[in-house]
Amino acid sequence: MWTKEAAATAEARESGIRNKSSSSSQIPVVGVVTEDNEAQGVFKPMDLNRVIKLLEETDKDGLEEKQLKFVKKLVQCFQNGLPLRDLAQIFKILNLCAGKIKNQPRFVESAYDIIKLCGLPFLKKKVSDEITYAEDTANSIALLGDLMKIPSSELRIQICKCIVDFYHAEPPKKHIPGYQQASSSYKIQMAEVGGLAKTMVQSITLLEHQLVEKLWVLKVLQHLSTSEVNCTIMMKAQAASGICTHLNDPDPSGQLLFRSSEILWNLLEKSSKEEVIQQLSNLECLLALKEVFTNLFMRGFSHYDRQLRNDILVITTIIAQNPEAPMIECGFTKDLILFATFNEVKSQNLLVKGLKLSNSYEDFELKKLLFNVIVILCKDLPTVQLLIDGKVILALFTYVKKPEKQKIMDWSAAQHEELQLHAIATLSSVAPLLIEEYMSCQGNARVLAFLEWCESEDPFFSHGNSFHGTGGRGNKFAQMRYSLRLLRAMVYLEDETVNTDLCEKGTIQQMIGIFKNIISKPNEKEEAIVLEIQSDILLILSGLCENHIQRKEIFGTEGVDIVLHVMKTDPRKLQSGLGYNLLLFSTLDSIWCCILGCYPSEDYFLEKEGIFLLLDVLALNQKKFCNLILGIMVEFCDNPKTAAHVNAWQGKKDQTAASLLIKLWRKEEKELGVKRDKNGKIIDTKKPLFTSFQEEHKIIPLPANCPSIAIMDVSENIRAKIYAILGKLDFENLPGLSAEDFVTLCIIHRYLDFKIGEIWNEIYEEIKLEKLRPVTIDKKALEAITTASENVGKMVASLQSEIIESQARQDVQNEQKVYAKIQATHKQRELANKSWENFLARTSNAKTLKKAKRLQEKAIEASRYHKRPQNAVFHGTDIKGLNTTVPSGGVVTVESTPARLVGGPLADTDIALKKLPIRGGALRRVKAVEIVDAPKKSIPT
């Protein structure tokens, strides 16, 4: 009801307006359109405060008639809309009229007329009026919800019509000068601010037996629930449970169920989903939903009924996600399982007797929704027995088979394919819970036979329309993908009965065959789907072969080949996001489970350079793979042939495996926050392996069966694995290490000693914290162990210092060698420059040339042997008339080219070219003088 404070506020505002007004009539006015001024659109002044005071008066003769007359006159004033500035007073008048209805029923009509005006546009004189009068407007609209308490059907319906009109705004019938219509969403916003939705929800409880009024209220709530603000208000007012419990109220029109389901949908979508589910998770609501769904399932035949049935099922599925919902207690779970399987498994239950689903879109959607709700329900373990009783596994397996030709089907080809994929996906969730039923239905045999069809070349055009059919258009990838998912789910149960049955049926060979077939026919278009299929195959093989030598032998060299094929994948593809990372993880898992422990497979893996491929991946320096690869390397190092392969590997820049492992150690310690100096040397000899985590978390006493932080550290990082690998490779003979690597190697070599000392230190600290005093012998032993551990740290630190100093000296020597080489190069360059200067001097200065010639001859003469043996023949080596100062070589005499071929001495002159013979062969002179003896030339060599 209208409050005194609101009235006082309105009066104060109007009083202020009167004080500011300069007109002689200082009272609030509203326009009264008369016959004379209607065409001009001019307002006639009217004192609203006087109307309010008149309605507040009592106990006067003829007062009721006068009050009704004034209200009627007021209604006539606002046929074109309500000004925002007068809205507060108008609604106060409405509130006063509503208060008189109980004793004066004639005021029902007056209240009705005023409420009817509220459906008209709100008018503003200034643009700022919407903000100025926002609070008054919100309070006024909220009053409409309070008026629903008046026991008048006519009045309640009119209120609902008025609110519905908020969402279907119409322009004013007549334009009023100086006023304009408020924005179309203004009323809706003010309804949100005023909290109208809450009072409308509360009014439902007043209308349990008034169907017409209830339908109008639901229509209002349906409009209000399109807003998130209103949905939140309704949710807090417990609208979900209040509406759901009345779903089965009698309603010949069917509007109640339709509008209620629409409101529930909006509440789930636009308010707190968890809170709405909590409100609906009670026995009363679920019984109502169960009855509605059953009635629609059995008796709903129209398109509208089927759509409504599916909507109710979706709401039920959402509620079923809450494990606290009493789905089993109300019997809804049992009915849903029956409805999901009655088409495939014949039932004598009266609920489904004579029922049959058509291939209409609504029934098709219903079937998929029922499969989906089974997946949701099976998460609640008490449902398992109902799934067994309902023969769900058998019903789902009716879809796991190849299409049969010339068979009349209830569904179209596309629909059957989608249901088939959905059924296999459902089996992946349900079958692991029902192992006995799965085996009794020959589940392994059915799935393997279906996979055989998926791999075959049988003609089959897949539509690939659904979510489950993604990537399966025109092929059988979707069917293979979900069948492998089902097998993977069953294998990873580690149930020996299931796995043994699979192996006896040749699953290992079949999986390897499928993998080979896939890689022989690359499909880049559906690459992501293919990668998932390959990953699942490898995971299935890993699950089957783990801890079984005989199965590893069956995996054999063919299995190793497919593993190696994946290992050779281009590393750049790991960043593509298509699934190569998952495939590589699956491959590493298959190496661990299918190859390690089987010596023939290990030897074949080594022979095919598998260790090289592992180290190549390790060199990518991706932390997510390191731990698994190092674990595999540790196991492989038990094979005596492995060390040679590891030492032979070379990465980029001739990096060796030992250098790579030591580099990984340094990186791991940096991430763990282990204290080292700039050269990688130990800083704290008492705690050489301590991480920052161990520093932050002090030692606390723990039970004997709980591992301490020092023990947990072994398994939580890769240092222990690196130590194990390098230990098996022999610390003393590791190739390709730098001085920095040797410094780190000193720590790795003593890792086990350091870790033992660390654990003993923890024991000693725990004894102190527990305030226990060991006996003298034990105390001396603990102190001796602690001291010995510290001495090892000091020894390692000393050795590291020697290595660092030795390297520093070596660096100085190398630097001196480089400088000496540079100096020799400069000296040689200077000599070359001086020689060149001498050469230029000889060629440009005759005196210098002669001097050089004399010096040369003198040097030659001085170098000769002057005592000649008897009868010796002397051969001169000097060339007479030669003006050079460089040593000449031996002299060779050859016959010159005959003159008849070159044309004689003048053959290269213009005279010889005047007469050229037109003959073959070389040029020759015409009528030239014959030269009898050709001259000879001496050519120095």
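The rules behind the values
Residues numbered from 1 in each chain as written. Predicted model: local features only at pLDDT ≥ 70, side-chain atom pairs only at ≥ 80, totals over all residues. Heavy atoms only, no water. Helix = DSSP H or I, 4+ residues; strand = E, 2+ residues; numbered from the N terminus. Buried < 20%, exposed > 50% of the residue type's maximum accessible area, 1.4 Å probe, protein only. Contact = heavy atoms within 4.5 Å. Areas by Shrake-Rupley, 256 points an atom, 1.4 Å probe, with all protein chains shown as cover. Salt bridge = Lys/Arg side-chain N within 4 Å of Asp/Glu carboxyl O. Core = buried A, V, L, I, M, F, W, Y, C linked by side-chain atoms within 4.5 Å. Axes fitted to C-alpha atoms, helices over the stretch in contact; angles between N-to-C directions. Parallel < 35°, antiparallel > 145°, perpendicular 65-115°, else oblique. Left-handed = near helix turned anticlockwise from the far one by under 90°. Patch = residues over 30% accessible without salt bridge, like charges linked within 9 Å, V, L, I, M, F, W, Y side chains within 5 Å. Pairing = 2+ DSSP bridges. Phe/Tyr/Trp six-rings, centres within 6.5 Å; stacked < 30°, edge-to-face > 60°. Lys NZ or Arg CZ within 6 Å of the ring centre and 35° of its normal. Nonpolar A, V, L, I, M, F, W, Y, C, P; charged D, E, K, R; others polar. Lys, Arg positive; Asp, Glu negative; His and termini not counted. Charge placed at Lys NZ, Arg CZ, Asp CG, Glu CD. pLDDT = per-residue confidence, 0-100. Polar contact = N/O pair within 3.5 Å; in protein donor to acceptor, adjacent residues only side chain to side chain. Expected span 1.5 Å × (residues − 1). Disulfide = S-S within 2.5 Å.

Another aspect to go through is the overall build of the chain. A count of helical and extended segments in the chain gives 44 helices and 5 strands. Across the 941 residues in the chain, those meeting the buried criterion constitute 45%. Partitioning the intrachain contacts of the chain with sequence separation of at least 6 by distance along the chain shows that 75% fall at a separation of at least 24. Within the structure as shown, the chain displays about 51,300 Å² of accessible surface, and the carbon and sulfur contribution to it stands at 53%.

Another aspect to go through is the pattern of salt bridges. Scanning the model with the defined rule gives 29 salt bridges in all. In this structure, R306 engages D363 in a salt bridge whose closest nitrogen and oxygen atoms are separated by 3.9 Å. Here R306 is found in helix α17 (residues 303–320), whereas its partner D363 is found in helix α19 (residues 361–377), with 57 residues between them in sequence. The pair formed by R306 and D363 is uniform in burial state, with each residue classed as buried. One salt bridge connects E418 with K368, and the closest N-O pair in it is separated by 2.6 Å. Taken together, the residues E418 in helix α22 (residues 413–430) and K368 in helix α19 connect sequence positions 50 residues apart. Given a relative accessible area of 15%, E418 falls into the buried group. The exposure class assigned to K368 is buried, which follows from its relative accessible area of 15%.

With that out of the way, let us pick up the nonpolar core. Formed by 237 residues in total, the largest nonpolar core has its most connected members in M200, L221, M511, I591, L614 and L726. The element contributing the most residues to this core is helix α28 (residues 527–545), with 10 residues. In contact with L221, not counting residues within four places along its chain, are A197, M200, V201, I204, M234, I243 and I263.

In this section: the packing of helix α24 (residues 443–455) against helix α27 (residues 507–520). Where α24 contacts α27, the axes come no closer than 11 Å and their chain directions differ by 20 degrees. The pairing of α24 with α27 is recorded here as roughly parallel in orientation. Crossing handedness for the pair α24 and α27: left-handed. Taken together, the residues of α27 that come into contact with α24 (itself represented by L448, L451, E452 and E455) are T507, Q510, M511, G513, I514 and N517.

Moving on: the side chain of S241. Examined against the element boundaries, S241 turns out to sit in helix α13 (residues 239–244). The residues contacting S241, other than those within four sequence positions of it, are Q279, L280, N282 and C285.

The phi dihedral of E494 is positive, around 60 degrees, even though this residue is not glycine. Within the fold, E494 resides in the loop between α25 (477–491) and α26 (496–504). Accessibility expressed as a relative area gives 62% for E494, which makes it exposed. Notably, N547 is not glycine yet its phi reads approximately 65 degrees, a positive angle. Structurally, the position occupied by N547 is in the loop between α28 and α29 (549–567).

This next bit is on a nonpolar patch on the surface. On the surface, a cluster of nonpolar side chains totalling about 320 Å² of accessible area is made up of L752, I756, W760 and I763. Note that W760 resides in helix α40 (residues 751–769). Residue class for W760 comes out partly exposed when judged on its relative accessible area of 32%.

For the rest of this paragraph, the subject is the sheet that holds strand β2 (residues 122–124). Taking strand neighbours across the sheet as the criterion, the 3 strands line up as β1-β2-β3 in an open arrangement whose pairing is mixed. Both edges of this open sheet fall to β1 (82–83) and β3 (180–181), since each of them pairs with a single strand only. Bridging between β2 and β3 involves 2 bridges; their strand directions are antiparallel. What sits directly across from L123, in β3, is Q181.

Moving on, we come to the packing of aromatic side chains. According to the stated counting rule, one finds 16 aromatic pairs in the structure shown. Taking the centre distance of 4.1 Å and the plane angle of 25 degrees together, the rings of F297 and F339 count as stacked. You can see F297 sitting in helix α16 (residues 283–299) and its partner F339 sitting in helix α18 (residues 332–341), a full 42 residues away along the chain. Each residue in the set F293, F297, F332, F339 and F342 is aromatic and connected to the rest through ring pairs, giving one cluster. We note R719 situated over the ring of W665; from NZ or CZ to the ring centre the distance is 6.0 Å.

At a minimum axis separation of 8 Å, α22 and α25 run at an interaxial angle of 15 degrees. With respect to each other, α22 and α25 are oriented roughly parallel. You can see that α22 and α25 cross each other, and the crossing is left-handed. Only A478, Q479, Y482, S483, R485, L486 and A489 of α25 make contact with α22, whose side of the interface consists of E417, Q420, L421, I424, A425, L427 and S428. Across the contact of α22 with α25, the residue classes tally to 8 nonpolar, 4 polar and 2 charged.

For S272, the location among the structural elements is in the loop between α14 (255–270) and α15 (273–280). C-alpha separation for the pair S272 and C231, spaced 41 residues apart in sequence, amounts to 8.8 Å.

This brings us to a positive patch on the surface. On the surface, R50, K66, K69 and K73 cluster together into a positively charged patch. For the positive patch, the leading source of residues is helix α3 (residues 63–77), giving 3 residues. You can see K69 is positioned in helix α3.

With that settled, consider the confidence of the model for the chain. Put simply, the chain has an average pLDDT of 84, and 85% of its residues get 70 or more. Note on residues 911–941: pLDDT under 50 across the span, and 34 contacts to partners over four residues away in sequence or across chains.

The next thing to look at is the side chain of T316. The topology assignment puts T316 in helix α17. Polar contacts involving the side chain of T316 include one to the main-chain carbonyl oxygen of I312, which spans 2.8 Å. Excluding its chain neighbours within four sequence positions, the residues that come into contact with T316 are L289, M327, F332 and L336.

A word on the environment of P432. Looking at the element boundaries, P432 is found in the loop between α22 and α23 (435–440). Here P432 is in contact with L427, A489, M490 and L493, once residues within four sequence places are set aside.

The end-to-end C-alpha separation of α3 is 21 Å, in line with the 21 Å expected for 15 residues at 1.5 Å each. In this structure, the buried residues of α3 make contact with α2 (48–56), α4 (87–100) and α5 (107–117).

Applying the stated criterion to the full structure yields 0 disulfides. C244 provides the cysteine sulfur closest to C285, a residue in no disulfide bond, and the two sulfurs are 4.0 Å apart.

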